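Read off the chains here:
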Amino acid sequence: ETGVTQTPRHLVMGMTNKKSLKCEQHLGHNAMYWYKQSAKKPLELMFVYNFKEQTENNSVPSRFSPECPNSSHLFLHLHTLQPEDSALYLCASSQVSSGELFFGEGSRLTVL
Amino acid sequence: AQSVTQPDIHITVSEGASLELRCNYSYGATPYLFWYVQSPGQGLQLLLKYFSGDTLVQGIKGFEAEFKRSQSSFNLRKPSVHWSDAAEYFCAVGALRSGGSNYKLTFGKGTLLTVNP
């Protein structure tokens, strides 16, 4: 098992669809993160979870809804997205006290 | 608030040549600094990190970086580039969030490295 696994790797959805991205980490970490990576822009931190509790929401629109049922799993629920939401969504994990993030391979989202 | 500048959007080098990727940061206290690499279609992988101590840091894949406080820089170097080093490289600066829990990482926009045979 790789350290941080994201599914699906690719997703195409219409603006009225509802879909979810899944992230699972096998590293025993207690913090998980969602990042958005768009072309020509720095990585944008979306959400942070420590010990399953959300500790940061970086002014993310409500059409993105995170869920962290336990320290190993993180979801990003998507609904009524816009074409500008098309991007690579990266999940990462770490120990809470560590600055070293371990990233998954990302989920490439295309919104039509 | 911290910030990171990677002045070079795209660099092309020949295989076997030396490499230096520039990174400048802005942060009021002692920074925690990172270099990550992203190959096409992949997530980010940590190359090396600086927290304290020796200002010359060794990383994986033969990379090193030097922290220069006077220049607010943390440049990444490799003496001889291999074709497999072609990727995008991201510098990041980390600071403890208020409350002292996680580190908040701020990433640069990245430098795309092309390696010619």
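Described in the following lines is the structure provided in the data block. All values derive from a computational prediction rather than experimental measurement.

## Considering the overall build of chain B
Helix and strand counts for chain B stand at zero helices and twelve strands. In sequence order, chain B lays out its α and β elements as β-β-β-β-β-β-β-β-β-β-β-β. Over its C-alpha atoms chain B spans a radius of gyration of 14 Å, differing by no more than 12% from the 13 Å that the globule rule assigns to 117 residues. Across its three principal axes, chain B shows a C-alpha extent of roughly 50 × 30 × 25 Å.

## Overview of the state of the cysteines
All told, the structure shown has two disulfides over all chains when counted by the stated rule. Residue Cys23(A) pairs covalently with Cys91(A) via a disulfide, S to S 1.9 Å. Note on the Cys23(A) and Cys91(A) pair: the S-S dihedral is about -75 degrees, so by sign convention the disulfide is left-handed. Of this pair, Cys23(A) sits in strand 3 (residues 18-25) while Cys91(A) sits in strand 9 (residues 87-94), and the two are 68 residues apart along the sequence. Its relative accessible area of 0% is what places Cys23(A) among the buried residues. Linked covalently through their sulfurs, Cys23(B) and Cys91(B) form a disulfide whose S-S length is 1.9 Å. What sets the handedness of the Cys23(B) and Cys91(B) disulfide is the S-S torsion sign, and at about -65 degrees it is left-handed. Of the two residues, Cys23(B) is situated in the loop between strand 3 (19-21) and strand 4 (24-26) and Cys91(B) in strand 10 (residues 87-96); the sequence distance between them amounts to 68 residues. Judged by relative accessible area, Cys91(B) falls into the buried class, the value being 0%.

## Focus: the layout of surface pockets
In this model, the largest pocket occupies a volume close to 610 Å³. Along the wall of the largest pocket there are 26 residues; nearest its centre are Gln37(A), Ala39(A), Lys40(A), Glu88(B) and Phe90(B). If you tally residues by element for the lining of the largest pocket, the top one is strand 10 of chain B, at three residues. Classifying every residue of the lining of the largest pocket gives eight nonpolar, eleven polar and seven charged. As a volume, the second largest pocket reaches approximately 400 Å³. What lines the second largest pocket is a set of 22 residues, and nearest its centre among them are Phe103(A), Glu105(A), Gly43(B), Leu44(B) and Gln45(B). The class makeup of the residues in the lining of the second largest pocket is eight nonpolar, ten polar and four charged.

## Here's the deal with the sheet that holds strand 8 (residues 73-79) of chain A
Residues and elements named next belong to chain A. Read from one edge of the open sheet, four strands run 1-3-8-7, paired in antiparallel fashion. Each edge of the open sheet carries a strand with a single partner, namely strand 1 (4-7) and strand 7 (64-70). When the angles between neighbouring strand axes are averaged without regard to direction, this sheet yields 15 degrees.

## So, the environment of Glu66(B)
Residues and elements named next belong to chain B. By the secondary structure assignment, glutamate 66 is in strand 8 (residues 64-68). A relative accessible area of 23% means that glutamate 66 is categorised as partly exposed. Apart from residues lying up to four places away in sequence, glutamate 66 is in contact with Thr55, Leu56, Ser73, Phe74, Asn75 and Arg77. A distance of 3.2 Å separates a polar atom in the side chain of glutamate 66 from a polar atom in the side chain of arginine 77.

## Focus on the interface of chain A and chain B
Contacts between chain A and chain B engage 25 residues on the former and 20 residues on the latter. Taking the shortest distance from any N to any O, the salt bridge between Glu100(A) and Lys49(B) comes out at 2.7 Å. In this assembly, chain A and chain B are joined by four residue pairs in polar contact (both at pLDDT 80 or more). At the level of elements, strand 4 (31-37), strand 5 (44-50), strand 6 (53-57) and strand 9 of chain A are the ones that each hand at least two residues to the side of chain A that touches chain B. Looking at the side of chain A that touches chain B residue by residue, the class counts come to twelve nonpolar, eight polar and five charged.

Definitions and limits used
- Position numbers for residues count from 1 along each chain, tracking the sequence in the order it is written.
- Chain labels run from A onward and ligand labels from 1 onward, assigned in the order the entries are written.
- Given that the model is predicted, a residue must reach a pLDDT of at least 70 before its local features are reported, and side-chain atom pairs must reach 80 or more before they are shown or counted; all residues, however, enter totals for whole chains, interfaces and linings.
- Excluding hydrogens and water, the side-chain figures rest on all heavy atoms present in the structure.
- Secondary structure elements are taken from DSSP: a helix is a run of H or I of four residues or more, a strand is a run of E of two residues or more, and numbering for both begins at the N terminus.
- What the globule rule says is 2.2 Å times the number of residues to the power 0.38, and the radius of gyration is computed from C-alpha atoms.
- What counts as a disulfide here is a pair of cysteine sulfur atoms lying within 2.5 Å.
- The buried label goes to any residue with under 20% of its type's maximum accessible area, the exposed label to any with over 50%, and the partly exposed label to all in between, with areas taken from a 1.4 Å probe on protein chains only.
- Think of a 1 Å grid over the protein atoms and nothing else: a 1.4 Å probe that fits but is trapped marks a cavity, an open set flanked by protein within 12 Å on at least five of seven lines marks a pocket, and residues with an atom within 4 Å of a point count as lining.
- Grid points are joined across faces, edges and corners, and a volume is the space filled by probe spheres set on the points.
- The classification used treats Ala, Val, Leu, Ile, Met, Phe, Trp, Tyr, Cys and Pro as nonpolar, Asp, Glu, Lys and Arg as charged, and all other residues, Gly among them, as polar.
- Two strands qualify as a pair provided DSSP detects at least 2 bridges between them.
- In this analysis, axes come from line fits to C-alpha atoms, helices being fitted only over the stretch in contact, and the angle between any two N-to-C directions falls in the range 0 to 180 degrees.
- By definition, residues are in contact when any of their heavy atoms lie within 4.5 Å.
- Polar contact is the term for a pair of N or O atoms within 3.5 Å; when the atoms are in protein, one must be able to donate a hydrogen and the other to accept it, and sequence-neighboring residues count only if both atoms are side-chain atoms.
- In what follows, salt bridge is the name for a side-chain nitrogen of Lys or Arg lying within 4 Å of a carboxyl oxygen of Asp or Glu.

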